[in-house]
Amino acid sequence: MFNQIDYRGKIIKVIHKAEEIQKRSEQIRCQGKSIVLVPTMGFFHEGHLSLMRKGRELGDDLVISIFVNPAQFGPHEDFESYPRDLERDLQLAREIGVDAVFTPDNMELYPEGFQTYIELEKLPNHLCGLSRPVFFKGIATVVAKLFNIVKPHVAIFGEKDYQQLTVIRRMVQDLNFNINIIGGPTVREPDGLAMSSRNNYLTLKQRPTALTLYKALVKAKDLLKNGVKDAGEIIQVATKLITAHPETGIDYISICDPECLDTIKTIDKPALMALAVNVGKTRLIDNMILYP
Ligand code: PAF
């Protein structure tokens with residue numbers, strides 16, 4: 001463990017051991033203070049920072065975790081190449097006034113002999129879960145572990161990963177975690193592209209193609225405003241818009257119930273439109289709630 005000092009003289013604790021942060025959290029709880037956790041995989045962009053700023057307002061002690069969780073990556077996914085820059089992340093966290101950073105190594109969270117995982121029965125059988133079979137099992141497991149380690153009163157997750165947020169809310173309810181789960185709105189580039197650590201993989205040529213996810217969502221909103229309520233028709237228009245660009249491979253475009261994620265045929269109540277598109281080798285996701 002080592003401590004670092006920020007430019008305003010505020011100390012940020014960097015902790016690698018679960019037992020250590022567990023003890024720290026117990027002490028903070030004993031003082032009657034509230035703990036807010038923002039779990040992340042690092043390589044911060046404005047989306048992460050907005051969650052931290054929200055966290056700063058919502059409690060006394062702000063903890064973030066930085067851990068690229070191997071359990072949520074499939075065998076052919078980008079675990080190895082996932083962007084990492086701990087020094088830069090710590091600097092940014094310091095500037096926001098984060099109190100402690102939990103950044104364990106893989107062996108700390110998944111020691112030899114590890115064999116307990118959390119799986120949800122239904123929510124992962126939609127959207128990203130269909131093409132990423134281990135994804136939500138890995139997320140639910142690591143988030144439950146982080147909850148037991150950091151013992152937060154409040155935890156904040158980005159709405160860009162809408163299905164993840166839904167899965168976590170369900171898990172918290174099902175397993176009686178006494179934690180308030182808060183969603184933070186998607187932060188976008190000035191042109192509308194949802195911020196993501198994976199945007200870093202995009203080439204200059206692929207950048208306009210990446211924007212088609214957002215354009216498809218805006219188009220869907222417009223169609224609905226003009227009276228098109230048929231989800232199939234909207235998905236068809238969105239598909240055309242995206243596939244007109246090079247290097248696109250649609251994983252899914254779905255219009256579904258925002259809670260159970262079951263597909264919706266006619267939009268006569270608020271619906272989630274979510275999509276995942278490969279731009280070259282980069283898998284991007286985005287979503288929007290459509291209000292009839
Ligand atoms: O959204 C993420 O960055 C990750 O899925 C999370 C919630 C930190 C779990 O590894």
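Note that this is a predicted model, so its numbers are computed, not measured.

With that settled, consider the nonpolar core. Ranked by internal contacts, the top residues of the largest apolar core, which has 46 residues, are Phe 102, Val 143, Phe 147, Phe 157, Ile 168 and Ile 181. Here this core gets 11 residues from one element, more than from any other, and that element is helix H6 (residues 135-150). The contacts of Ile 168, once residues within four sequence positions are left out, are Ile 139, Val 143, Phe 147, Phe 157 and Ile 181. Listed in part, the 27 residues of the second largest apolar core include Leu 223, Ala 271, Val 279 and Leu 290.

A word on the confidence of the model for the protein. Here the protein averages 96 in pLDDT, and 97% of its residues register 70 or above. Predicted confidence in the protein is weakest over strand E1 (residues 2-5), with a mean pLDDT of 57, and strongest over strand E6 (residues 154-158), with 99.

Turning our eyes to something else, we now look at the packing of aromatic side chains. This model, assessed by the stated rule, comprises 8 aromatic pairs. Between Phe 147 and Phe 177, the aromatic rings sit 5.5 Å apart at their centres with planes inclined by 75°, giving edge-to-face as the arrangement. Of this pair, Phe 147 sits in helix H6 while Phe 177 sits in the loop between helix H7 (162-174) and strand E7 (180-184), and the two are 30 residues apart along the sequence. By the burial criterion, Phe 147 is buried, and Phe 177 matches it.

What follows covers the side chain of Thr 212. Considering the arrangement of structural elements, one finds Thr 212 in helix H9 (residues 212-225). Classification of Thr 212 as buried rests on a relative accessible area of 0%. Polar side-chain contacts of Thr 212 include one of 2.5 Å to the backbone oxygen of Thr 209. Setting aside residues no more than four positions away along its own chain, Thr 212 makes contact with Leu 241, Ile 242 and His 245.

With respect to spatial proximity, the complete set of residues near the ligand consists of Pro 39, Thr 40, Met 41, Asn 69, Gln 72, Ile 139, Val 142, Phe 157, Asp 161 and Gln 164. At 2.6 Å from an oxygen atom of the ligand is found a side-chain nitrogen or oxygen belonging to Gln 164. Within the complex, the protein chains bury 89% of what would otherwise be the 280 Å² of accessible surface of the ligand. Put simply, the parts of the chain that give the shell around the ligand at least two residues each are strand E3 (35-40) and H6. Of the residues belonging to the shell around the ligand, the class tally is 5 nonpolar, 4 polar and 1 charged.

Criteria and cut-off values
Residues numbered from 1 in each chain as written. Predicted model: local features only at pLDDT ≥ 70, side-chain atom pairs only at ≥ 80, totals over all residues. Heavy atoms only, no water. Core = buried A, V, L, I, M, F, W, Y, C linked by side-chain atoms within 4.5 Å. Buried < 20%, exposed > 50% of the residue type's maximum accessible area, 1.4 Å probe, protein only. Helix = DSSP H or I, 4+ residues; strand = E, 2+ residues; numbered from the N terminus. Contact = heavy atoms within 4.5 Å. pLDDT = per-residue confidence, 0-100. Phe/Tyr/Trp six-rings, centres within 6.5 Å; stacked < 30°, edge-to-face > 60°. Polar contact = N/O pair within 3.5 Å; in protein donor to acceptor, adjacent residues only side chain to side chain. Near = heavy atom within 4 Å. Areas by Shrake-Rupley, 256 points an atom, 1.4 Å probe, with all protein chains shown as cover. Nonpolar A, V, L, I, M, F, W, Y, C, P; charged D, E, K, R; others polar.

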